[in-house]
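Residues per chain, in single letters:
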Amino acid sequence: MNVDRVAKALRGVAGDKAVLTAEADRAPFLAEWRGNYTGEAPIVVQPGSVDAVAAVVRCCAQLGVPVVPQGGNTGLVGGSVSGQAEVVVSLNRLNAVREVDAINFSLCVDAGCTLAAAQAAAADADLMLPLSLSSEGSCQIGGNLATNAGGVSVLRYGNARDQVLGLEVVLSDGTLLSALQSLRKNNAGYDLKQLFVGSEGTLGIITGATLKLAPAPEARLVLWLALDSHAHVLDAYTRFRRAFGATMAAFELVPDIAVDFVVRHIEGARRPADAPVHALIELHGGRAEIDRDAVLAAVSDAVDAGALRDAIVADSDRDQAALWAVRHNISDAQRPEGASIKHDIAVPLGALQAFIKTATERVEALVPGVRPVCFGHIGDGNLHFNLSQPLDLDREAFLARAPALTRTVHEAAQSLGGTISAEHGIGLLKRDLLATQVGPVSHALMRRLKESLDPDGIMNPGKLL
Ligand SMILES: Cc1cc2nc3c(=O)[nH]c(=O)nc-3n(C[C@H](O)[C@H](O)[C@H](O)COP(=O)(O)OP(=O)(O)OC[C@H]3O[C@@H](n4cnc5c(N)ncnc54)[C@H](O)[C@@H]3O)c2cc1C
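Predicted model only: the values in this text are computed from it and were never measured. (Residues numbered from 1 in each chain as written. Predicted model: local features only at pLDDT ≥ 70, side-chain atom pairs only at ≥ 80, totals over all residues.)

Would you mind showing me how to read the overall build of the protein chain here?
Along its length, the protein chain carries 18 helices and 19 strands. Rg of the C-alpha trace for the protein chain: 23 Å, near the compact-globule value of 23 Å for 465 residues, within the 12% margin. Dimensions along the principal axes, computed over C-alpha positions, put the protein chain at roughly 70 × 55 × 45 Å. Sequence separation of 24 or more characterises 74% of the internal contacts of the protein chain that already satisfy a separation of 6 or more. (Helix = DSSP H or I, 4+ residues; strand = E, 2+ residues; numbered from the N terminus. Rg over C-alpha atoms; globule rule 2.2 N^0.38 Å. Contact = placed C-beta atoms within 7 Å.)

Below you can see the structure in the form of structure tokens.
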């Protein structure tokens, strides 16, 4: 790529201040959260309007220069990592809340709006955007939709795909697809917006979205369960899901080793209970939906039946936040424990116990002393089966075993009808595994879609496919 020529052309369509070429200016867009990759793009563009995004893509298409869409750059699979002949198109400056429609229970935002800012706009209208991730202060709505993000409220509200009513997308030739309708029912032809959800920037650049909102919960309870085994966790899940119905917004698995790590490394964190394994439940809904006495009775029945060791029911914001902090700090608390090899699998709920048992036995056989930290959105069948290095093994020696460990974990999930990518996406990290996950027919169809929507291959090439 002739950097000067491309930068000049981009300045012509997006303005001088939108085009960054100095190394220090580009650096934040080239770093990757986990440090697994380093971007190399010589140019980063930050268009300030939808028209400017379209003009940038048109310009790049004419010059034959591939573009890498980038949101908050919090993705965990290398999807927003750029090559040296590519231009990063950052949505940072396209960050307005366009409209909150309190009658329609919907919100329209620019794609570069952070998830936290979109949540705050909904909360200002006494409504809730029911998508919640630990990265919500940085990740953007465009990135959330492009990765079909999950998070901690999927049980009740679904993932990012389920929140979207309308979408605005710049296509690979710079044409604008404007489909920002806020209808809940619309069967007019193919549902094109869903093509772009989960497409990881390979089919177009999302510039705006209309999202569903829910009523802000009037009542909220957080329960911490102390349990004896994974079998007890699953039993508690089915028992309480029946008892609490749609009010169950989250059911998260927290292994005891994660509680140890959090208490050891996170200032102010306190161990909620002593048990081999723990679960965190959030119930929320309207005042009439949450009956505290009924919840306490269900918990007491479970303890009497031997299904639970103990439970904490937290009513106050402070107590609830302290319990959630243990769950949210697991990844940060794993860092000081040395290298960690991460997985984002899902299996049908009935196979969860078999997955945990099989995967644990196999990784322990491969690397004696490995410390599995198996946590996550167990209500969705989604586990982050993360492996902390053995205490007596050197970091590099452990990381050298990563391919074998990952293969083993993925095989265990796939053999039980599961997936190697539950909520983080495919990106660069799992690109070569996609065909084994989806099979040849789906893989070929994905390729045909890509070729049809991006015939010159300029949208985030080498990612996903
Ligand atoms: C601490 C932490 C916790 C996390 N927790 C969760 C979790 O619970 N659940 C979960 O699902 N994920 C989680 N993630 C992963 C990440 O936050 C999500 O994948 C998020 O949706 C990415 O959004 P982003 O704006 O940062 O996208 P980026 O990282 O910038 O990009 C991700 C992908 O989307 C594409 N993209 C970005 N913006 C656009 C756009 N406007 N149009 C088209 N393509 C675009 C990029 O090209 C890339 O392929 C976590 C990450 C961190 C660091």
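Still more ground to cover, so stick around.
Sorry, what's going on with the sheet that holds strand S3 (residues 67-70) here?
Sheet strands line up and pair through hydrogen bonds in the backbone, either parallel or antiparallel. The mixed open sheet is built from four strands, whose spatial order is S1-S2-S4-S3. Two strands bound the open sheet, and with one partner strand each, they are strand S1 (19-20) and S3. With three bridges connecting them, strand S2 (residues 43-45) and strand S4 (residues 87-90) associate as parallel partners. Bridge pairing links valine 45 to valine 89 in S4. Docked against the sheet, helix H1 (residues 3-14) engages S1, S2 and S4, running at close to 10 degrees with respect to S2. (Pairing = 2+ DSSP bridges. Axes fitted to C-alpha atoms, helices over the stretch in contact; angles between N-to-C directions.)

Sorry, what's going on with the nonpolar core here?
The nonpolar side chains of soluble globular proteins are, as a tendency, buried together. Of all hydrophobic cores here, the largest spans 65 residues; its most connected members are Leu225, Leu227, Ala236, Ala279, Ile281 and Ile345. If you tally residues by element for this core, the top one is strand S12 (residues 219-227), at seven residues. Leave out the neighbours within four places in its chain, and leucine 225 touches Ala236, His278, Ala279, Ile281, Leu308 and Ala311. Of all hydrophobic cores here, the second largest spans 62 residues; its members include Val44, Val88, Ala121 and Met459. (Core = buried A, V, L, I, M, F, W, Y, C linked by C-beta atoms within 7 Å. Buried ≥ 20, exposed ≤ 12 C-beta atoms within 10 Å, placed from the backbone.)

Explain the site of the ligand here, please?
Taken together, 37 residues form the shell around the ligand, and within it Gly71, Gly79, Gly142, Gly143 and Gly201 come nearest. Elements with a minimum of two residues in the shell around the ligand: S3, helix H5 (141-146) and strand S10 (204-212). (Near = placed C-beta within 6 Å.)

Looking at this structure, how should I read helix H9 (residues 230-244)?
Because each turn of an α-helix spans 3.6 residues, side chains separated by three or four positions end up pointing in the same direction. With 15 residues, H9 extends 20 Å from end C-alpha to end C-alpha; this agrees with the ideal 21 Å at 1.5 Å per step. Turning to H9, its buried residues number three or more, namely His230, His232, Val233, Ala236, Tyr237, Phe240 and Phe244. For H9, the angular spread of the buried residues around the axis is 145 degrees, confining them to a single face. Turned more than 90 degrees away from the buried face of H9, the exposed residues are Thr238 and Arg242. Buried positions along H9 lie against S12, strand S13 (248-255), strand S14 (277-285), helix H11 (292-304) and helix H14 (352-366). Just beyond H9, the residue with positive phi is glycine 245, at close to 55 degrees. (Expected span 1.5 Å × (residues − 1). Arc of directions from axis to C-beta.)

Could you clarify how one ought to interpret the domain arrangement of the protein chain in this entry?
How big an interface is tends to be reported as the loss of accessible area on association of its parts. Considered domain by domain, the protein chain is made up of domain 1 (3-90), domain 2 (97-215), domain 3 (219-332) and domain 4 (338-423). One C-alpha centre belongs to domain 2, the other to domain 4; they are set 31 Å apart. Domain 2 puts six residues into the contact, and the matching count from domain 4 is six residues. When grouped by side-chain class, the residues that make up the side of domain 2 that touches domain 4 number four nonpolar, two polar and no charged. (Domains from an automatic or database assignment. Nonpolar A, V, L, I, M, F, W, Y, C, P; charged D, E, K, R; others polar.)

When you look at the pairing of strand S9 (residues 176-179) in this model, what are you seeing that I'm missing?
Taken together, the four bridges between strand S8 (residues 164-171) and S9 define a ladder with antiparallel strand orientation. Paired with valine 169 across the two strands is leucine 177, which belongs to S9. Connecting S8 to the next strand, S9, in antiparallel fashion are four residues, including glycine 174 with a positive phi near 95 degrees.

Please explain the packing of H14 against helix H16 (residues 402-415) as it appears in this structure.
Between two packed helices, both the angle of their axes relative to each other and the distance between the axes serve to describe the pair. Interhelical geometry of H14 versus H16 gives an angle of 160 degrees and a closest axis separation of 9 Å. With respect to each other, H14 and H16 are oriented roughly antiparallel. Pair H14 / H16 crosses with right-handed handedness. Counting all contacts with H14, which are made through Phe355, Thr358, Ala359, Arg362, Val363 and Leu366, the residues of H16 involved are Ala404, Leu405, Thr408, Val409, Ala412 and Ala413. Residue classes in the contact of H14 with H16 are distributed as nine nonpolar, two polar and one charged. (Parallel < 35°, antiparallel > 145°, perpendicular 65-115°, else oblique. Left-handed = near helix turned anticlockwise from the far one by under 90°.)

Mind showing me how you'd approach helix H18 (residues 440-453) here?
For H18, spanning 14 residues, the distance from its first C-alpha to its last is 20 Å, which sits close to the expected 20 Å at 1.5 Å a residue. Across the 14 residues that make up H18, only a small minority, zero, are buried.

Is there a simple way to think about the sheet that holds S12 in this case?
Read from one edge of the open sheet, four strands run S13-S14-S12-S15, paired in antiparallel fashion. Pairing within the sheet leaves two strands with one partner each, and these edge strands are S13 and strand S15 (310-314). Geometrically, the sheet is characterised by an average inter-axis angle of 15 degrees between neighbouring strands, direction not taken into account. Relative to S15, S12 is paired through five bridges, and the arrangement is antiparallel. Each bridged residue has a counterpart across the sheet, and for tryptophan 224 the counterpart in S15 is isoleucine 312. On top of the sheet, H11 reaches S12, S14 and S15; it is set at about 170 degrees to S15, its chief contact. Taken strand by strand, helix H12 (residues 317-328) contacts S12, S13, S14 and S15, and its axis lies near 50 degrees from that of S12.

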